[in-house]
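Observations on the three-dimensional arrangement
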Amino acid sequence: RPLWVCPDGRIVLEASSPVYAQALDLLVAISEPVSRTRHMQEYQLTQYSLYAGASMGLRTQDITAGLERFSKCGLPEEVRAMVAECTERYGKVKLILRNDRYYIECPGDGAAFDALLHDAQIAEM
C-alpha cells in the first residue's frame, strides 16, 4: 500500500511499492502534483482535480475505493466527504446555447434546479 492520505487532501505516494503504477494512475486522474522526487511524490486533492476525475467517468465510489485500496491507513472522513461533495454533482446541470440564448438543463434532478433558482447571482439574470 503506497499511499498516505492526510485529512487535508494531501497524498504522499511511495515510489518503491509494487503497485506504484496503479496508484499513480489513480492519482493522475484525481489530484494535482505538488512535488515529485525519485522516492516520494506528493499530490493534493482539489475541487478541480476531483471534478476532472468525475469528467473522466470516475464515480464517487470509484475514487474512495481506490484511495482505500492503496492507503496505508484508513481513509480520513474529511477526504471521504470532500470527494463526495466534489463529485456527486457532476453532470447534473448543463448550460445549453440555443438561438443566441442560454438555457439551463437539469435532466432528472429537480433539487439541482431549485438550488440554482435560489442562487443570488443567477436570480439577478
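Just above, that's the structure.
Residues numbered from 1 in each chain as written. Predicted model: local features only at pLDDT ≥ 70, side-chain atom pairs only at ≥ 80, totals over all residues. Heavy atoms only, no water.

Thr-60, Ile-63, Thr-64, Gly-66, Leu-67 and Phe-70 are the residues of helix H3 (residues 60-70) that are buried. Considered in projection along H3, the buried side chains sweep an arc of 160° and stay on one side of the axis. Where H3 is buried, its residues touch strand S1 (3-5), strand S2 (10-14), helix H1 (20-30), helix H2 (47-55) and helix H4 (77-87). (Buried < 20%, exposed > 50% of the residue type's maximum accessible area, 1.4 Å probe, protein only. Helix = DSSP H or I, 4+ residues; strand = E, 2+ residues; numbered from the N terminus. Arc of directions from axis to C-beta. Contact = heavy atoms within 4.5 Å.)

Residue position: Ser-17 is located in the loop between S2 and H1. Look at Ser-17 and you get buried, because its relative accessible area is 11%. Within polar-contact distance, the side chain of Ser-17 engages the backbone nitrogen of Val-19 at 3.2 Å. (Polar contact = N/O pair within 3.5 Å; in protein donor to acceptor, adjacent residues only side chain to side chain.)

Below, the discussion takes up the pairing of strand S3 (residues 32-36). The buried fraction of S3 amounts to zero of the five residues, a small share that puts the element mostly on the outside. Sheet topology note: the S3/strand S4 (residues 40-44) ladder contains four bridges and is antiparallel. Across the sheet, residue Ser-35 finds its bridge partner in S4, namely Glu-42. Once S3 ends, the chain turns through three residues before running back antiparallel as S4. (Pairing = 2+ DSSP bridges.)

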